Amino acid sequence: EHIAAQQNEVVAVMLETIQGEGGIRVLTPGRLAEIRALCDAQGWLLICDEIQSGMGRTGRFLACMHEAVEADIITLAKGLGNGMPIGACLARGNAAELFGPGTHGSTFGGNPLACRAALAVLHALEKQNLIDRAARTGDWLMSELRQRLADAEMVREVRGQGLMIGVELEQDAPQLVAAARAEGLLINVTAGNVVRLLPPLTLSQEEADRIADVLCPLIMALETAQEAG
């Protein structure tokens, strides 16, 4: 009803295919297809923010590909340049006709060095089969974390796709960042209580083992300290 009331004011729906800063929250199966159908019915554009989830991170080139959904506009950045600052906007259909020469200006837009870096990334993804590797290694790592943390009462859920993994805890745990760093592991805690793992797509099996070996004891130690306190 709310959507129907607003339909004359809406031109597009924009969403993260998988929420990143929001805590590695994955849409339930079929939900993205429902949103696509709604947009089609209302004549709205569907814009998928794939800045974190794109470029093979989830085991497909774009996370929306897991649902076989085509967005009208895709935003890319982060992994696109492998550290080199670059962003891109992909469009199809009517959305592709909206921008033309002079519509948008940028001081560093189309920087040749950044674009060459992006091409090198795309080449590496294909030649080194990194997208399939992300899917396999990510599935293993999520399974391993779930198994090792199965008895941890403070762990609510281990979720994600490919090498975009979140471990949701019962409480905020920003101290885990420094504790992991002291063990040689770089992690991030987002939304206060979700350990976010975004390892490189070149992650080896040995390095995936290392992540589990370091992170799981730290979480268990945090739980023990909480119980003792």
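So, here is what we can say about the structure in this document. (Residues numbered from 1 in each chain as written. Predicted model: local features only at pLDDT ≥ 70, side-chain atom pairs only at ≥ 80, totals over all residues. Heavy atoms only, no water.)

## Observations concerning the sheet that holds strand β7 (residues 155–161)
Thought 1: Strand order in this open sheet of four strands is β7-β8-β10-β9, and the pairing throughout is antiparallel. Pairing within the sheet leaves two strands with one partner each, and these edge strands are β7 and β9 (188–190). With strand direction ignored, the average angle separating the axes of adjacent strands in the sheet is 25°.
Thought 2: The pairing of β7 with strand β8 (residues 164–169) spans six bridges and is classified as antiparallel. Note on β8: the bridge partner recorded for Gln161 is Met164.
Thought 3: The sheet contacts of helix α4 (residues 130–148) involve β7, β8 and β10 (194–197), and relative to β7 the element is tilted by about 175°. (Pairing = 2+ DSSP bridges. Helix = DSSP H or I, 4+ residues; strand = E, 2+ residues; numbered from the N terminus. Axes fitted to C-alpha atoms, helices over the stretch in contact; angles between N-to-C directions. Contact = heavy atoms within 4.5 Å.)

## Quick look at helix α6 (residues 205–228)
Because each turn of an α-helix spans 3.6 residues, side chains separated by three or four positions end up pointing in the same direction.
Thought 1: End to end, α6 covers 35 Å across 24 residues, agreeing with the expected 34 Å (1.5 Å per residue, within 8%).
Thought 2: Buried within α6 are the following residues: Ala208, Ile211, Ala212, Val214, Leu215, Cys216, Leu218, Ile219, Leu222 and Glu223.
Thought 3: In this structure, the buried residues of α6 make contact with α4, β7, β8, α5 (175–182) and β10. (Expected span 1.5 Å × (residues − 1). Buried < 20%, exposed > 50% of the residue type's maximum accessible area, 1.4 Å probe, protein only.)

## Comments concerning the pairing of β10
Thought 1: Burial along β10 is two-sided: the face carrying Val194 and Arg196 and the face carrying Val195 and Leu197 are both buried.
Thought 2: Here four bridges tie β8 to β10, and the two strands are oriented antiparallel to one another. The residue of β10 that forms the bridge with Glu168 is Val194.
Thought 3: As paired elements, β9 and β10 share three bridges and run antiparallel to each other. Residue pairing for β10: Val189 is matched across the bridge by Val195.
Thought 4: In this structure, the hairpin formed by β9 and β10 is closed by a connection of three residues, where Ala191 is found at a positive phi of approximately 55°.

## Details of the pattern of salt bridges
Thought 1: Scanning the model with the defined rule gives 13 salt bridges in all.
Thought 2: For the salt bridge of Glu144 with Arg148, the shortest nitrogen-to-oxygen distance reads 2.9 Å. Taken together, the residues Glu144 and Arg148, both in helix α4 and four residues apart, mark about one turn of the helix.
Thought 3: We classify Glu144 as buried; its relative accessible area is 17%.
Thought 4: Under the relative-accessibility criterion, Arg148 is labelled partly exposed at 32%.
Thought 5: When the shortest N-O distance is used, the salt bridge between Arg159 and Glu168 registers 2.6 Å. Across this residue pair, the class does not change: Arg159 and Glu168 are buried.
Thought 6: Residues participating in the shared-partner salt-bridge network are Arg25, Arg156, Glu157, Arg159, Glu168 and Glu170. (Salt bridge = Lys/Arg side-chain N within 4 Å of Asp/Glu carboxyl O.)

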